[in-house]
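Examining the three-dimensional arrangement
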Amino acid sequence: MCIRDRNNTSLLAGAIEKTYLYIKEKKIIEWVDLEAIVGKEISFNIYKMLEALWNKELSKSIEILKNIQEFKEKPEKIMGVLVREWRKLFLAKKLLREGLDKNRIKKELNLFYADKFFFNLRKITLDKLRKSLRALLYIDYAIKTGRLNPFFAIESWIIEFFS
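Note that the structure is predicted; figures quoted are calculated from it, not measured.

**Quick look at the overall build of the protein chain**
Helix and strand content of the protein chain: 9 helices and 0 strands. Its helices and strands in sequence order give the protein chain the pattern α-α-α-α-α-α-α-α-α, from N to C terminus. By the burial criterion, 38% of the 163 residues in the protein chain qualify as buried. With an accessible surface of roughly 10,900 Å², the protein chain has 55% of that area assigned to carbon and sulfur atoms.

What follows is the structure in structure tokens.
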């Protein structure tokens, strides 16, 4: 909740109040209670999916995608995170090629997870980043215009660029 809402204390206070009203007399608050009240953190799940991809755990990443789908998350949210991350990777790779140092890139792209980011960046070429970003942008457009099944398209992208 804090990550999703940028530490907005009024939203957090609202979530706490909703939790109190929902739980009432219950002594132990369980994770499923919180999920029912404030929802799952979509970005966190997508980052777990991406981490599995970078670790060459293709089946795990697809399983996470299917879990995201089961929780009825909007494909636009998933695509937003994927496109944003891939754009950052692409820009960072280009800037490194142009001679910018990692600290400057970290600042320019607002990377708070720079070590892992640059470690993963070494695993992929600029050409592959360009092709996969282009594919993501096409998928995003096709989903928004109703031309592709969203989760099938994302799963296909995963298989194409990570297998």
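**Points about the pattern of salt bridges**
Taken as a whole and assessed by the stated rule, the structure comprises 7 salt bridges. Notably, a salt bridge pairs lysine 66 with glutamate 155, separated by 3.3 Å at the nearest N-O pair. Pair noted here: lysine 66 is in helix α4 (residues 58-70) and glutamate 155 is in helix α9 (residues 150-162), with a separation of 89 residues, a long-range link. Among the ionic pairs, lysine 77 bridges to glutamate 73, the shortest N-O distance being 3.8 Å. The partly exposed category is assigned to lysine 77, whose relative accessible area is 42%. One network of salt bridges, with partners in common, ties together Asp127, Arg130 and Lys131.

**Describing the confidence of the model for the protein chain**
Taken as a whole, the protein chain shows an average pLDDT of 84; of its residues, 84% reach a score of 70 or greater. Summarising per-element confidence for the protein chain, the mean pLDDT is lowest in helix α2 (residues 31-38) (64) and highest in helix α8 (residues 126-144) (96).

**Some remarks on unusual backbone geometry**
A positive phi angle, near 65°, is found at lysine 56, a position not held by glycine. Following the sequence through the fold, lysine 56 ends up in the loop between α3 (42-54) and α4. On the accessibility criterion, lysine 56 (71% relative accessible area) is exposed. The residue asparagine 110 is not glycine, and still its phi comes out positive at about 55°. Checked against the element boundaries, asparagine 110 lands in the loop between α6 (102-108) and α7 (114-121).

Each value, and the rule that gives it
Residues numbered from 1 in each chain as written. Predicted model: local features only at pLDDT ≥ 70, side-chain atom pairs only at ≥ 80, totals over all residues. Heavy atoms only, no water. Helix = DSSP H or I, 4+ residues; strand = E, 2+ residues; numbered from the N terminus. Buried < 20%, exposed > 50% of the residue type's maximum accessible area, 1.4 Å probe, protein only. Areas by Shrake-Rupley, 256 points an atom, 1.4 Å probe, with all protein chains shown as cover. Salt bridge = Lys/Arg side-chain N within 4 Å of Asp/Glu carboxyl O. pLDDT = per-residue confidence, 0-100.

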